[in-house]
Amino acid sequence: MEAQYSPASVERTAQQFWEKNRCFKAIEDANREKYYCLCMFPYPSGKLHIGHVRNYTLGDVIARFQRMQGKNVLQPMGWDAFGMPAENAAIKHQVAPAKWTYSNIADMRDQLKALGFGYDWDREFATCDLDYYRWEQWFFTRLVEKGLVYKKNSTVNWDPVDQTVLANEQVIDGRGWRSGAKVERREIPLWFLKITDYAEELLADLDKVEWPEQVKTMQRNWIGKSKGIELDFEVPDVGEELRRLTVFTTRPDTLMGVTYVGISADHPIAKRAGEIDPTIMEFCKECRSGGTSEADLATMEKRGMDTGYVARHPITGAEVPIYIANFVLMEYGTGAVMAVPAHDQRDWEFAKKYDLPIQPVIADLDGNQPDVSEGAYTEHGQLINSGEFDDMLFDDAFTAIARQLEKEEKGRVRINFRLRDWGIARQRYWGAPIPVKYGAEGETVPLTDDELPVALPTEVEIDASGSPLKKMRTFYEMGAGWTRETDTFDTFMESSWYYARFCCSDNQEAMLDGRANYWLPVDIYIGGIEHAILHLLYARFFHKLMRDFGMVESDEPFQRLLTQGMVIADTYYRNNEDGSKEWFNPLDVTVERDEKGNVTQATLIADGEPVTIGGTEKMSKSKNNGVDPQSLINRFGADTVRLFIMFAAPPEQSLEWSDSGVEGAHRFLKRLWKITFDHIQHGEPGHIVSAELNDAQRELRRKTHETIKKCTDDIGRRTTFNTAIAAVMELTNALGKLNDDTLQGLAVSREAVEACVILLSPITPHICHTLWQELGHTTALIDAPWPQVDEKALKRDSMTLAVQVNGKLRAKLELPADADQVTIECEALSHENVRRHVEGKSINKVIVIPGKLVNIVAS
RNA sequence: GCCCAGGUGGCGGAAUUGGUAGACGCGCUAGCUUCAGGUGCUAGUGACCGCAAGGUCGUGGAGGUUCAAGUCCUCUCCUGGGCACCA
């Protein structure tokens, strides 16, 4: 065995062994328990970044651990290859998206291999492969047949200079990112999937999955089921077809406090008012400027204008004004809201601004009328100023008001969802073409099976003015007056079912086959918390669609979910003369510290001059605080990178990058190597004979089995890999302290060394592979079973008890493990320091927590 | 603006069920080893007081519940994620 640890050769050897023996080839076997471990596949943007490394290390550790538990493990990898960055790169570098994407994939695949991840590469695919997206097109046409697809007008961000649709991220402060032009909200017809048909089930089935509670809560809130009343105001002066103005409210108990009605600028009544009054028309136009995102809409200045029309209150018949309000959107609900300024903060602010009446109709539970001069009173309470409904509480008022409205056919109880249907059409090139054709007479028809698939042309030139497909007659002209749809699918479509395709990616005849039911559902799905809502909700929806077509049997795609935090790093910068900042990579900066370790100053190595220390932020190109995984692998090896990433923080938290932390991880692996080397040098151990062990040997043995117990729980159940690594570090520390060359001494040391190697092997598989062989094993570590805890070795003869007086620690007692309550109390009370603190006081109570502490309550 | 998280030594973090706050690592300090070190080893390291024994304070802030609170409750401040066309 080499005395020195050299990661490059160790890693090459291990990776060649795994590849030669096809260790990660997953084969369906009905007699074995399967484990499908999946990480969110990457967008092939160019190079792997540390966030990917974190994600995939987490997955690989779990996959290797489960394999050692005897499971038949599937861990695939592929590429989420359609999307905007490829188009942006095409504009910037004059390279076609397909070429750029496949070249990035080749680079990133090499990097994944260098990190030693155990993927079944035979199942790999990219979503931009025709063999993948053709099934998506086929499935879409089936969804059309089933009535789950429809076309309707929807609002998009329109850049009037570039004459193109912008994504929300391309709208910065209401302006197009490239043109700088003021963005307009424009309505165009788009394709939608009826995800709302599944709203109830998407909500209910959250109870079936083992996901973090916070993610389930976010999804529940997103789906947003609420019970309310849909009710009709009558608009007398607007003409028969617009006479009924419908709103939805979850607070019918406040109905008597309605003092105006707010409508969208796109509402038919607003349009009618605009036809009459040009200032209203102008106002409606202004309401359409700015971005479409909910954050934009929620933070913009609330503005409104009186339409001149009035609405008749459905119960009192009183007339209230109808206002156009810029925060009411036609697409959400009915495009109109009833406003109760006394009990809704947004309505309150609007009423104050436009001097509309504020009428309190809810008192607190003691019947006190609320003060609404400084803000709305939004709590539930008892009704006042509400005529026959006075003194009712929320539930009774809801029922009574609903009954009356129903009787008069002016309203009905409704379950409402916040969730909206999924707009799946994009006016972009680099995506899967939507398989629809349009006839000369305006017919819209899905393509037939023999017209499928629609291949995306890859020889294209791209500029900033929208999709080239719209200019390619060879693409869209189908003959006989038929033209093809030039919109492409939202890329969330591809990421909604790739996990299923991995089960049978070689099938050329069908989207999925029976193998999907062997592997699915995914046992654990690992990826960024930023996907908590959209991607995960769409994938759940798609799974249910596939289930209803009989392609999968399970209700949910992902049984367990692990959401990882982001990777952050220090930032350093200098201010330029023009007010901008120049950012320096942490590698180019040295940090000085005082004798306590506090950072005093940071200087740029290149010129020795100081730089400003910025915050610790998400690794990004713009802040120049990224770390290149490849250079780390070259310098320290993949195992060091994997170890540091798993050690620095638990998976859910953000991970702060630290170069000295990486060095520390490397130091630990060198130490592990040296400990194993030294141990082997000391000769062959005997067999452990429990009865013959001395105290030090017994103690190390107990530590070994405590560590096995803790690591098993930390990796398998808690997924806190940082604490598992810390436990192994403690074991190596204990191991280093036992210098015992007797046969029994070497035997317990051997058990401890092997435990370290095997427990770390999912995390640092290469070094452990080699050390295992050096320890004389003839079979490979990857096929070794996970170690078992010897409960007998865990037994202790004595215990340490903390003794508190009035909750403050005053002494520690070492007592036999089987000491009884009376003995414990006597020993605690007779301790010198305890006596000092209870002197002159009477003891009221003694609380004994077995095995932990004694608290003496004295006064 | 709305929804969801998170704030613990100089730093990353640990404390799993209300029961000894600071495991493990980084950094720093001292010493030893080595021709040398960006090596290895040993010891120390929350703050304050004290020669020591020991004591006081301490988990973003303010209250509260409890024999006991980092952990539970109320309010509040700050940071991060998501908000439907970034992936």
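Note that the coordinates shown come from a computational prediction; the quantities given were computed from them, not determined experimentally.

Cut-offs and rules
- Residues numbered from 1 in each chain as written.
- Chains lettered and ligands numbered in written order.
- Predicted model: local features only at pLDDT ≥ 70, side-chain atom pairs only at ≥ 80, totals over all residues.
- Heavy atoms only, no water.
- Helix = DSSP H or I, 4+ residues; strand = E, 2+ residues; numbered from the N terminus.
- Contact = heavy atoms within 4.5 Å.
- Lys, Arg positive; Asp, Glu negative; His and termini not counted.
- Charge placed at Lys NZ, Arg CZ, Asp CG, Glu CD.
- Near = heavy atom within 4 Å.
- Polar contact = N/O pair within 3.5 Å; in protein donor to acceptor, adjacent residues only side chain to side chain.
- Nonpolar A, V, L, I, M, F, W, Y, C, P; charged D, E, K, R; others polar.
- Salt bridge = Lys/Arg side-chain N within 4 Å of Asp/Glu carboxyl O.
- Expected span 1.5 Å × (residues − 1).
- Buried < 20%, exposed > 50% of the residue type's maximum accessible area, 1.4 Å probe, protein only.
- Pairing = 2+ DSSP bridges.
- Axes fitted to C-alpha atoms, helices over the stretch in contact; angles between N-to-C directions.
- 1 Å grid on protein atoms, 1.4 Å probe; cavity = no way out; pocket = protein on both sides within 12 Å on 5 of 7 lines; lining within 4 Å.
- Points joined across faces, edges and corners; volume = space filled by probe spheres on them.
- Parallel < 35°, antiparallel > 145°, perpendicular 65-115°, else oblique.
- Left-handed = near helix turned anticlockwise from the far one by under 90°.
- pLDDT = per-residue confidence, 0-100.
- Core = buried A, V, L, I, M, F, W, Y, C linked by side-chain atoms within 4.5 Å.
- Phe/Tyr/Trp six-rings, centres within 6.5 Å; stacked < 30°, edge-to-face > 60°.

Focus: the overall build of chain A
Turning to step 1, where the next piece is worked out: If you tally the helices and strands in chain A, you get 26 helices and 35 strands.
Turning to step 2, where the next piece is worked out: For the C-alpha atoms alone, the extent of chain A along its principal axes is close to 100 × 85 × 65 Å.
Turning to step 3, where the next piece is worked out: In chain A, once contacts between residues fewer than 6 apart in sequence are set aside, the share between residues at least 24 apart is 70%.
Turning to step 4, where the next piece is worked out: Separation of charge centres in chain A, based on 99 positive and 131 negative side chains, amounts to 2 Å.

Digging into the protein's contact with RNA strand B
Turning to step 1, where the next piece is worked out: Neighbouring RNA strand B are 77 residues, the closest being Arg428, Glu595, Asn598, Arg635 and Lys710.
Turning to step 2, where the next piece is worked out: Within 4 Å of the protein, the contacting atoms of RNA strand B are drawn from sugar and phosphate to the extent of 66%.
Turning to step 3, where the next piece is worked out: Between RNA strand B and Arg718, the relevant distance is 2.6 Å, taken from a phosphate oxygen to a side-chain nitrogen or oxygen of the residue.
Turning to step 4, where the next piece is worked out: Contact distances for RNA strand B include 3.4 Å between a phosphate oxygen and a side-chain N or O atom of Asn733.
Turning to step 5, where the next piece is worked out: Among the elements that take part in the surface near RNA strand B, helix H21 (residues 721-737) stands out by supplying 6 residues, more than any other.
Turning to step 6, where the next piece is worked out: Its residues assigned to classes, the surface near RNA strand B comprises 27 nonpolar, 25 polar and 25 charged.

Things to note about the pattern of salt bridges
For side chains bearing opposite charge, pairing can occur when the charged atoms are close.
Turning to step 1, where the next piece is worked out: One pass over the structure, following the stated rule, counts 61 salt bridges.
Turning to step 2, where the next piece is worked out: A salt bridge links Lys544 to Glu201; the shortest N-O distance between them is 3.4 Å. Of this pair, Lys544 sits in helix H16 (residues 534-548) while Glu201 sits in helix H6 (residues 199-204), placing them 343 residues apart in sequence.

What to know about helix H5 (residues 130-145)
Turning to step 1, where the next piece is worked out: Between its first and last C-alpha atoms H5 spans 23 Å; for 16 residues at 1.5 Å apiece the expected length is 22 Å, and the two agree.
Turning to step 2, where the next piece is worked out: When we look at burial in H5, the residues that qualify are Tyr132, Tyr133, Trp135, Glu136, Gln137, Phe139, Phe140, Thr141, Arg142 and Leu143.
Turning to step 3, where the next piece is worked out: Looking at the residues trailing H5, positive phi occurs at Gly147, about 75°.

Notes on the pairing of strand E3 (residues 149-159)
Turning to step 1, where the next piece is worked out: As paired elements, E3 and strand E7 (residues 184-193) share 10 bridges and run antiparallel to each other. Within E7, the residue paired with Thr155 across the bridge is Glu187.
Turning to step 2, where the next piece is worked out: One ladder, built from 3 bridges, connects E3 with strand E4 (residues 164-166); its direction is antiparallel. When the bridges of E4 are listed, Trp158 appears paired with Val165.

Regarding the sheet that holds strand E34 (residues 843-849)
Through backbone hydrogen bonds, the strands of a sheet pair up, either in parallel or in antiparallel fashion.
Turning to step 1, where the next piece is worked out: Strands sit in the order E33-E32-E35-E34 across an open sheet of 4 strands; the sheet is mixed. Each end of this open sheet is capped by a strand with a single partner; those strands are strand E33 (808-816) and E34. The sheet shows a mean angle of 20° between the axes of neighbouring strands, direction not considered.
Turning to step 2, where the next piece is worked out: Relative to strand E35 (residues 853-858), E34 runs antiparallel, the two being bridged by 6 bridges. Across the sheet, Ile843 pairs through a bridge with Ala858, a residue of E35.

Some remarks on empty space enclosed by the protein
Turning to step 1, where the next piece is worked out: The final tally for this structure, using the stated rule, is 4 cavities of 30 Å³ or more.
Turning to step 2, where the next piece is worked out: Empty space within the largest cavity amounts to approximately 190 Å³.
Turning to step 3, where the next piece is worked out: For the largest cavity, the lining is made up of 20 residues, of which Glu87, Thr164, Arg178, Arg428 and Ala464 are closest to its centre.
Turning to step 4, where the next piece is worked out: Secondary structure elements with two or more residues in the lining of the largest cavity: helix H3 (84-93) and E4.
Turning to step 5, where the next piece is worked out: Counting residues per element, the lining of the largest cavity draws most heavily on H3, at 4 residues.
Turning to step 6, where the next piece is worked out: Its residues assigned to classes, the lining of the largest cavity shows 9 nonpolar, 6 polar and 5 charged.
Turning to step 7, where the next piece is worked out: One number sums up the size of the second largest cavity: a volume of about 80 Å³.
Turning to step 8, where the next piece is worked out: Lining the second largest cavity are Trp18, Arg64, Arg67, Met68, Ser761, Pro762, Pro765, His769, Leu781 and Ile782.
Turning to step 9, where the next piece is worked out: Elements represented by at least two residues in the lining of the second largest cavity include exactly helix H2 (50-68) and helix H23 (765-774).
Turning to step 10, where the next piece is worked out: Residue contributions to the lining of the second largest cavity peak at 3 residues, all from H2.

Observations regarding the sheet that holds strand E20 (residues 444-446)
Turning to step 1, where the next piece is worked out: On the basis of which strands lie adjacent, the open sheet formed by 4 strands has the order E20-E19-E22-E21 and antiparallel pairing. Edge positions in the open sheet fall to E20 and strand E21 (477-479), since each of these has one partner strand only. Within this sheet the neighbouring strands show an average axis-to-axis angle of 30°, counted without direction.
Turning to step 2, where the next piece is worked out: Relative to strand E22 (residues 482-484), strand E19 (residues 436-438) runs antiparallel, the two sharing 2 bridges. In the sheet register, Tyr438 faces E22, and the bridge partner there is Thr483.

Remarks on the packing of helix H20 (residues 695-718) against helix H22 (residues 743-760)
Turning to step 1, where the next piece is worked out: Where H20 meets H22, the axes come as close as 9 Å, and the angle between the chain directions of the two elements is 15°. As summarised for this structure, H20 and H22 are arranged roughly parallel, according to the angle between their axes. Relative to H22, H20 is oriented so that their crossing is left-handed. Contacts between H20 and H22 pair Gln697, Leu700, Arg701, Thr704, His705, Thr707, Ile708, Cys711 and Ile715 from the former with Gln744, Gly745, Val748, Ser749, Glu751, Ala752, Ala755 and Leu759 from the latter.

Section: the confidence of the model for chain A
The predicted coordinates ought not to be read in detail in places where the model reports low pLDDT.
Turning to step 1, where the next piece is worked out: Confidence in the prediction of chain A, expressed as mean pLDDT, is 93, and 100% of residues score 70 or more.
Turning to step 2, where the next piece is worked out: Reported confidences for the modelled complex are a pTM of 0.94 and an ipTM of 0.96.

Considerations on the environment of Ser289
Turning to step 1, where the next piece is worked out: Tracing the backbone through its elements, the reader meets Ser289 in the loop between helix H9 (278-287) and helix H10 (294-299).
Turning to step 2, where the next piece is worked out: Using a relative accessible area of 34% as the deciding quantity, one classes Ser289 as partly exposed.
Turning to step 3, where the next piece is worked out: In this structure the C-alpha to C-alpha distance between Ser289 and Arg175, which are 114 residues apart in sequence, comes to 9.7 Å.
Turning to step 4, where the next piece is worked out: Setting aside residues up to four positions removed in sequence, Ser289 forms contacts with Val183 and Arg185.

Considering the environment of Phe398
Turning to step 1, where the next piece is worked out: Relative to the helices and strands, Phe398 resides in helix H12 (residues 394-407).
Turning to step 2, where the next piece is worked out: For the pair Phe398 and Phe41, spaced 357 residues apart in sequence, the C-alpha to C-alpha distance is 48 Å.
Turning to step 3, where the next piece is worked out: When neighbours within four sequence positions are excluded, Phe398 is seen to be in contact with Lys227, Gly228, Ile229, Pro252 and Val413.

A short note on the nonpolar core
Turning to step 1, where the next piece is worked out: Core analysis: the biggest nonpolar cluster contains 175 residues, and Tyr36, Tyr499, Met546 and Trp657 have the highest contact counts within it.
Turning to step 2, where the next piece is worked out: Not counting the four nearest positions on each side in its chain, Tyr36 is found in contact with Leu74, Pro76, Tyr499, Phe502, Cys503, Trp519, Leu520, Pro521, Val522, Asp523 and Ile524.

A short note on the packing of aromatic side chains
Turning to step 1, where the next piece is worked out: Using the criterion set out here, one finds 38 aromatic pairs in the structure.
Turning to step 2, where the next piece is worked out: Summarising the aromatic geometry, the rings of Phe82 and Trp430 are spaced 4.9 Å apart at their centres and angled 80° between planes, so their arrangement reads as edge-to-face. Residue Phe82 is found in the loop between strand E2 (72-74) and H3, and its partner Trp430 is found in the loop between strand E18 (425-426) and E19; the two are separated by 348 residues along the sequence. Here Phe82 and Trp430 have matching classes, each one buried.
Turning to step 3, where the next piece is worked out: Geometrically, the ring pair formed by Tyr498 and Tyr499 is edge-to-face, given 6.4 Å between the ring centres and 80° between the ring planes.
Turning to step 4, where the next piece is worked out: By relative accessible area, Tyr498 is classed as buried at 0%.

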